[in-house]
Amino acid sequence: MTAVFVGLPVTDLERSKAFYEAIGLTFNPRMSDHNAACFIVEEGHSFLMLMLREFFQTFTDLPIGDPAVNPSASTSIYLDTREAVDKAATDGLAAGAAEPRPAADYGFMYQRGLTDPDGNAIEFGWFDPAAADIPAVENQQA
């Protein structure tokens, strides 16, 4: 696989762009237009595409649900430190997110889940692969 693009339906593209910039993602104007905004999660590999609901609808014949009422997915972004998780969550809250649950601390893993202004679930996490007995990503074979 060469890249992962996660598409999220949004109602207000400018508000959503401001939110995702506030949590530390980088806007990619070359992959964006009046219908969608691309954000870099991991350079060259992982991206979020924020799409106006009407544009998102063009990718499916099924009705689009309201993620604030019936979530169907959660986007998890893992960061280098617990402090980075707390900063991203704090920045997200200041930019209009809600935090429906307290942070989860499992010792080897720490998570904070938010809902963006449209109700899309986004989670920030940190984990210690050695403590979790998970091989480091760079050591895995594709």
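Bear in mind the structure is a predicted one, so any value in this text is a computation, not a measurement.

Undergrad: How should I be thinking about the packing of aromatic side chains in this particular structure?
TA: All chains considered together, the criterion is met by six aromatic pairs. Ring centres of phenylalanine 55 and phenylalanine 59 lie 5.3 Å apart, and the angle between their planes is 90°; on these two criteria the pair is classed as edge-to-face. Taking 5.7 Å as the distance between ring centres and 75° as the angle between the ring planes, the aromatic pair formed by tyrosine 78 and phenylalanine 127 counts as edge-to-face. Residue tyrosine 78 is located in strand β5 (residues 74-78), and its partner phenylalanine 127 is located in strand β8 (residues 121-127); the two are separated by 49 residues in the primary sequence. The exposure class of tyrosine 78 is partly exposed, given its relative accessible area of 33%. You can call phenylalanine 127 partly exposed: its relative accessible area is 28%. One aromatic cluster in this structure is built from Phe19, Tyr20, Phe27 and Phe39. A cation over an aromatic ring shows up here: arginine 82 above the ring of tyrosine 110, its NZ or CZ 4.1 Å from the ring centre.

Undergrad: Explanation requested: the sheet that holds strand β4 (residues 46-52) in the structure shown.
TA: Within a sheet, each strand pairs with its neighbour through backbone hydrogen bonds, oriented either parallel or antiparallel. Sheet architecture is open: four strands sit in the order β1-β4-β3-β2, paired in mixed fashion. Looking at which strands have only one partner, the edges of the open sheet turn out to be β1 (4-10) and β2 (26-28). Taking each pair of neighbouring strands and ignoring which way they run, the sheet shows an average axis angle of 30°.

Undergrad: Help me out: how do you make sense of the nonpolar core in this one?
TA: The tendency in soluble globular proteins is for nonpolar side chains to be buried side by side. Formed by 22 residues in total, the largest nonpolar core has its most connected members in Tyr20, Ile23, Leu25, Phe39, Leu50, Ile122 and Phe124. Elements that contribute at least two residues to this core include exactly β1, α1 (13-22), β3 (36-42), β4, α3 (82-94), β7 (109-115) and β8. Leave out the neighbours within four places in its chain, and isoleucine 23 touches Ala88, Asp91, Gly92, Ile122 and Phe124.

Undergrad: Explanation requested: α3 in the structure shown.
TA: A turn of α-helix holds 3.6 residues, and therefore any two residues three or four places apart point the same way. Taking 1.5 Å per residue as the helical rise, α3 with its 13 residues ought to reach 18 Å, and the 18 Å between its terminal C-alpha atoms agrees with that figure. Within the sequence span of α3, burial applies to Val85, Ala88, Ala89 and Gly92. The buried residues of α3 occupy one face: seen down the axis, they fall within an arc of 95°. Relative to its buried face, α3 has exposed residues pointing more than 90 degrees away, namely Glu83, Lys87 and Ala94. Buried positions along α3 lie against α1, β7 and β8. Glycine 96 occupies a position one or two residues after α3 and carries a positive phi of about 110°.

Undergrad: Honestly, the pattern of salt bridges in this entry has me stumped. Any pointers?
TA: Opposite charge on two side chains makes pairing possible when the charged atoms of those side chains draw close. Using the criterion set out here, one finds six salt bridges in the structure. As a salt-bridge pair, aspartate 86 and arginine 112 come within 3.0 Å of each other at their nearest N and O atoms. Placement of aspartate 86 in helix α3 and of arginine 112 in strand β7 is noted, with a sequence separation of 26 residues between them. On the basis of relative accessibility, which here comes to 11%, the residue arginine 112 falls in the buried class. Lysine 87 is paired through a salt bridge with aspartate 91; the nearest N and O atoms lie 2.6 Å apart. Taken together, the residues lysine 87 and aspartate 91, both in helix α3 and four residues apart, mark about one turn of the helix. Because the salt bridges share partners, they merge into one network encompassing Asp86, Glu99 and Arg112.

Thresholds, definitions, all that
Residues numbered from 1 in each chain as written. Predicted model: local features only at pLDDT ≥ 70, side-chain atom pairs only at ≥ 80, totals over all residues. Heavy atoms only, no water. Phe/Tyr/Trp six-rings, centres within 6.5 Å; stacked < 30°, edge-to-face > 60°. Helix = DSSP H or I, 4+ residues; strand = E, 2+ residues; numbered from the N terminus. Buried < 20%, exposed > 50% of the residue type's maximum accessible area, 1.4 Å probe, protein only. Lys NZ or Arg CZ within 6 Å of the ring centre and 35° of its normal. Pairing = 2+ DSSP bridges. Axes fitted to C-alpha atoms, helices over the stretch in contact; angles between N-to-C directions. Core = buried A, V, L, I, M, F, W, Y, C linked by side-chain atoms within 4.5 Å. Contact = heavy atoms within 4.5 Å. Expected span 1.5 Å × (residues − 1). Arc of directions from axis to C-beta. Salt bridge = Lys/Arg side-chain N within 4 Å of Asp/Glu carboxyl O.

Shape is all these values report; function is a separate question.
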